[in-house]
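Close look at the chain arrangement
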Amino acid sequence: MVDAFRLLGFQHGGWGAALLMAASVTVLLSVLGFALGAVFGGLAAAGRLRNSKVLRFLALGYCTVFRGVPDLLTIYLLYYGGSVALTSLGHSLGGSGFVGVPAFATGTLAIAIISGAYQAEVYRGAYLAIDQGQHDAACALGLNRLQRLRQVIFPQLLRYALPGLGNVWQLVLKDSSLISVIGLVELMRQAQIAAGSTREPFIFYIAAALLYLAIASVTGHAFYRLERKAPWRVRSA
Amino acid sequence: MIDFSFFLEILPKLLAGLPLTMELALTSIVAGFVLAVTLALAQQSESPFVVLPIRGFVAVFRGTPLLVQIFLTYYGLGQFRHQLSAIGLWAVFREPYWCAIIALTLNTTAYGSEILRGAIQSVPRGLVEAARSVGLSTYLTYRHVILPLAFRQALPSYGNEIILMIKGTSLASIVTLMEVTGIAQGLIAQTYRAFEVFICAGAIYLTLNFAIIRALAALEYWMSRHLRHRPSTMSDAAS
């Protein structure tokens, strides 16, 4: 046990600071990926709710593909595909050699694309949960399209979407560990590095698991508070 | 731009990984289901000594990434080689195959038991009381009343969990198992044609998931016979 404290400590030879730094990379990666995913998800949900067949088809295709295909494949696609595209772009500009894509940006994009596919379903469900009378009433008040969306639909949509978004957030947090395969030093990768260099995999993977658990429960509690304690919560009948 | 001969070349290579993907998924889903039912039933107990450890297990396995769980099983427990040898389990934990199956099983057990626990709780109390009042024992009440209704109720959520498990098997490639994603990664690294390999491997997973979704929809249809063609007077009495 003493050994574990020394290995996870903050003094010389301890990995505590490195693990906490890596945990903050995990949080940053997840937050940015989730936020960008909200944009993708919002667009996809809007596409699925449109009358245009083409838009509906594209949005449904996006959601189906990225919810059905393993996240690792998506990550490989972006990483290798992005590197190949960048390298050929470099060659066409007269450069030479291999150009790799930055791992953090690729990871953020991968998480955004994957979580966007899940968030789209949440937003769509939330939109459909809004009573038709709200749309009618907003129209009757003479609000234009943008005003209706901004002042009537969005506030309600967010309330209905919040529980589902909390689930997607938990998914995103755990998915961020997969970004370790493309070499980004987030929590998972840092645990691997420490495990490799000290030959104490058990301690470091347990430590990583506990840190993930801590982040998940703190952020989960924040979502819970938003849902239950906020003054604008949906009143149940 | 799109080269069909390349697709024909990589498709058989990727399909060679499909049996392993399905094996990992099927083993862990079946074993996970049995454990999940057990844990969901055990949580009906009032004793905190039974309920709290299960709650803890569920919270840990739902709150940490599957990748950490696989690494902990494979690399983490590998550290206890001597102790595991002493109890004869080293042969199991030495193999990435079994480690992946153990981690996947425990992961799906945690999610599955929560789904089933919710489903059991959703069975109306009146039905349970009715079953007891006609003289069914606790066992028979579960067997004929609670579980059939709970399984029916759990089916859509459990279906999602099964799809997540199919996707989850891809992580086995990180501990050297060459299932579809592992082979795909190898092909991408060899050929640098990420897009084509993604399309091909993605199509395999989508086909598999689509087949599962259809099979589950058929099962759900079969299990909700009682909800179709129901005389209107009965629906009033039931509600």
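Residues numbered from 1 in each chain as written. Chains lettered and ligands numbered in written order. Predicted model: local features only at pLDDT ≥ 70, side-chain atom pairs only at ≥ 80, totals over all residues.

Side note on the overall build of chain A
Here is the rule: Helix numbering and strand numbering both begin at the N terminus, where a helix is a DSSP run of H or I of at least 4 residues and a strand a DSSP run of E of at least 2. Exposure criterion: with C-beta atoms placed from backbone coordinates, a residue whose C-beta has 20 or more other C-beta atoms within 10 Å is buried, one with 12 or fewer is exposed, and one in between is partly exposed. Any two residues are considered in contact once their C-beta atoms, placed from the backbone, lie within 7 Å.
From N to C terminus, chain A includes 9 helices and 0 strands. Along the longest, intermediate and shortest principal axes, the C-alpha atoms of chain A span 70 × 55 × 25 Å. Every one of the 237 residues in chain A was classed for burial, and the buried ones make up 39%. For chain A, the proportion of contacts with a sequence separation of at least 24, taken over those separated by at least 6, is 73%.

Some words on the interface of chain A and chain B
On the side of chain B, 28 residues touch chain A, which itself brings 28 residues to the contact. The set of elements that each furnish at least two residues to the side of chain A that touches chain B consists of α3 (53-68), α4 (71-92), α8 (187-198) and α9 (201-229) of chain A. Ranked by residues supplied to the side of chain A that touches chain B, first place goes to α9(A) with 10 residues.

Focus on unusual backbone geometry
Residue and element names in this part refer to chain B. Backbone geometry places Thr176, a non-glycine residue, at a positive phi of 75 degrees. Along the chain, the position of Thr176 falls in the loop between α9 (138-168) and α10 (180-191). Thr176 gets classed as exposed once you count the C-beta atoms within 10 Å, which come to 11. Positive phi is not limited to glycine here, since Tyr192 has a value of about 55 degrees.

Quick notes on the packing of helix α2 (residues 16-49) of chain A against helix α5 (residues 103-129) of chain A
Residue and element names in this part refer to chain A. What counts, and what does not: Convention adopted: a line fitted to C-alpha atoms gives each axis, helices being fitted over their contacting stretch, and angles between N-to-C directions are expressed from 0 to 180 degrees. In what follows, roughly perpendicular refers to angles from 65 to 115 degrees, roughly parallel to angles under 35, roughly antiparallel to angles over 145, and oblique to any angle outside these ranges. Put simply, a crossing is left-handed when the front helix is turned counterclockwise from the back one by less than a right angle, and right-handed when it is turned clockwise.
As a packed pair, α2 and α5 sit with axes 5 Å apart at the nearest point and diverge in direction by 45 degrees. Put simply, α2 runs oblique to α5. In this structure, α2 meets α5 at a crossing whose hand is right-handed.

Focus: the confidence of the model for chain B
Residues and elements named next belong to chain B. What counts, and what does not: Note: pLDDT gives the predictor's confidence per residue, expressed from 0 to 100.
Model confidence for chain B is summarised by a mean pLDDT of 91, while 95% of its residues fall at 70 or above. Mean pLDDT across the elements of chain B ranges from a minimum in helix α12 (residues 232-238), with 50, to a maximum in helix α2 (residues 18-42), with 97. Considering only residues more than four positions removed or in separate chains, one finds that residues 234-239, a stretch of pLDDT under 50, has 1 contact. Of the two predicted TM-score estimates for the complex, the pTM is 0.90 and the ipTM is 0.88.

Some words on the packing of α2(A) against α8(A)
Residues and elements named next belong to chain A. The condition is simple: Ten residue types, Ala, Val, Leu, Ile, Met, Phe, Trp, Tyr, Cys and Pro, are classed as nonpolar, four, Asp, Glu, Lys and Arg, as charged, and the remainder, Gly among them, as polar.
At a closest axis distance of 7 Å, the pairing of α2 and α8 adopts a crossing angle of 155 degrees. Considering their axes alone, α2 and α8 lie roughly antiparallel with respect to each other. In this structure, α2 contributes Ala18, Leu19, Ala22, Ala23 and Thr26 to the contact, and α8 contributes Leu187, Gln190, Ala191 and Ala194. Of the residues belonging to the contact of α2 with α8, the class tally is 7 nonpolar, 2 polar and no charged.

Describing helix α11 (residues 194-223) of chain B
Every α-helical turn comprises 3.6 residues, leaving residues that sit three or four positions apart pointing alike. Our working rule: Multiplying 1.5 Å by the helix residue count minus one yields the expected span of that helix.
The end-to-end C-alpha distance of α11(B) is 42 Å, a good match for the 44 Å that 30 residues give at a rise of 1.5 Å each. For α11(B), the full list of buried residues reads B:Ala194, B:Val197, B:Phe198, B:Cys200, B:Ala201, B:Gly202, B:Ile204 and B:Tyr205. Buried residues in α11(B) make contact with α3 and α4 of chain A together with α1 (4-15), α2, α9 and α10 of chain B.

Concerning the environment of B:Val123
All names here are of chain B. Structurally, Val123 is set in the loop between α7 (96-122) and α8 (125-133). As for Val123 and Leu11, which are separated by 112 residues in sequence, their C-alpha atoms are 46 Å apart. The residues contacting Val123, other than those within four sequence positions of it, are Val128, Ile146, Leu149 and Ala150.

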